[in-house]
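# Structure assessment
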Amino acid sequence: MQTRECERERDAVSWQSKLPSTLSQALLPFQRSGVSWATSDVMAGRCLFGDEMGLGKTIQALAVACVYRAEWPLLIVVPSSVRWAWVDEIEKWLASLIRPYQINVVENGNNSDIINADKLITIVTFPLMANQSILKQVKERAFKVVVVDESHYLQNSSTKRTQALLPVLQAAHRVVLLSGTPALGRPIDLYCQLDALRPGFFGPMKAFGKQYCNLQQKRVGYNRFVWDYSGASNLTELNHHLVSKFMIRRLKDDVLTELPPKRRQCVRVQLPSKMQAPMDACAATLRERFTAAEGNLLPCLGIP
């Protein structure tokens, strides 16, 4: 028993030594436990963080990615609305490892920096992963470490983004999926995410459907039948597989005593060009009204 405890302590020291000190010190106890779990021999950097929103999935993902930094470049796939928020987090926690010019944010289908060896981190959005030019470059770069934010975007196996991204994830050495809602109510929502982490573990989708989705044939039209994956079955068995081989999930109530006081942060969002002029006009109006009403409020609001 003591030997096993010593091994766990040694492993914890080992992965923490690979993190920048600022990142290591910032991890809360439950986040530290999550990173230790994700980098254990069992998970080996292929896992799903299903923590409730607000529990720091991003910082845990960056910590896991850092443990495997020897295998970089790193690919991060995100929804369009949060790509710059990821840049902010990278610059905040990995400043000692990464220079700004080494971060490549793919903004359109003509971006050609993905195969640039100077770019250690590439951030690409789900829609752009379906772009054939971008996908070709991603495959040429052969990313071994991949992080996918909001991985429930991969629920539907028939979408172009899932079909494009799934082979990339299956070929990578380390894959970290993040989603506070990995399944919205049906076991089938999990299949593509789980198959990305452990290819073939559940067999083809039809086999998964028979075992965990109460798969039935459904009549469509006069003489046509389709498979209906909307059901659920053997959920205890599925949950056992999830917690032992795939996912960790903590709720706020589970870690309430470890959470810090409420924190506020500024999140960068890139506006569509057509919205820039109306927003500038709105900001100008706000400046005028605050100046006329209470000029002393401007510095407090961060308005120059």
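Residues numbered from 1 in each chain as written. Predicted model: local features only at pLDDT ≥ 70, side-chain atom pairs only at ≥ 80, totals over all residues. Heavy atoms only, no water.

All right, on to the packing of helix 3 (residues 29-38) against helix 4 (residues 57-67) then. Interhelical geometry of helix 3 versus helix 4 gives an angle of 40° and a closest axis separation of 9 Å. Our classification of the angle between helix 3 and helix 4 gives oblique. With respect to the hand of their crossing, helix 3 and helix 4 are arranged in right-handed fashion. Contact with helix 3, carried on its side by Phe30, Gln31, Gly34, Val35 and Ala38, involves Ile59, Gln60, Ala63 and Val64 of helix 4 and no other residues of that element. Looking at the contact of helix 3 with helix 4, its residues break down into six nonpolar, three polar and no charged. (Axes fitted to C-alpha atoms, helices over the stretch in contact; angles between N-to-C directions. Helix = DSSP H or I, 4+ residues; strand = E, 2+ residues; numbered from the N terminus. Parallel < 35°, antiparallel > 145°, perpendicular 65-115°, else oblique. Left-handed = near helix turned anticlockwise from the far one by under 90°. Contact = heavy atoms within 4.5 Å. Nonpolar A, V, L, I, M, F, W, Y, C, P; charged D, E, K, R; others polar.)

By the burial criterion, the buried members of helix 11 (residues 235-245) are Leu238, His241 and Leu242. Taken around the axis of helix 11, the buried residues stretch over an arc of 100°, which confines them to a single face. Here the buried face of helix 11 lies against helix 9 (191-197), helix 10 (205-212) and strand 9 (247-248). (Buried < 20%, exposed > 50% of the residue type's maximum accessible area, 1.4 Å probe, protein only. Arc of directions from axis to C-beta.)

On to the environment of Ala172, then. Relative to the helices and strands, Ala172 resides in the loop between helix 8 (160-171) and strand 6 (174-178). It is 9.4 Å that separates the C-alpha atoms of Ala172 and Leu197, two residues lying 25 residues apart in sequence. Excluding its chain neighbours within four sequence positions, the residues that come into contact with Ala172 are Arg46, Phe143, Lys144 and Val146.

Attention shifts here to the pattern of salt bridges. Close approach of charged atoms allows side chains with opposite charge to pair. With the rule as written, the count across this model stands at three salt bridges. In this structure, Arg174 and Glu71 form a salt bridge, with 2.7 Å as the shortest nitrogen-oxygen distance. Of this pair, Arg174 sits in strand 6 while Glu71 sits in the loop between helix 4 and strand 2 (74-78); the two residues are 103 residues apart in sequence, bridging distant segments of the chain. Of the residues examined, Arg174 reaches a relative accessible area of 18% and is grouped as buried. Two residues, Arg186 and Asp189, come together in a salt bridge whose shortest N-O distance is 3.1 Å. (Salt bridge = Lys/Arg side-chain N within 4 Å of Asp/Glu carboxyl O.)

The next thing to look at is the pairing of strand 2. Summarising burial for strand 2: five of the five residues are buried, a large majority. Along strand 2, one buried face is formed by Leu74, Ile76 and Val78 and the opposite face, lined by Leu75 and Val77, is buried too. Relative to strand 4 (residues 121-125), strand 2 is paired through five bridges, and the arrangement is parallel. Among the inter-strand pairings, Ile76 is bridged to a residue of strand 4, identified as Ile123. (Pairing = 2+ DSSP bridges.)

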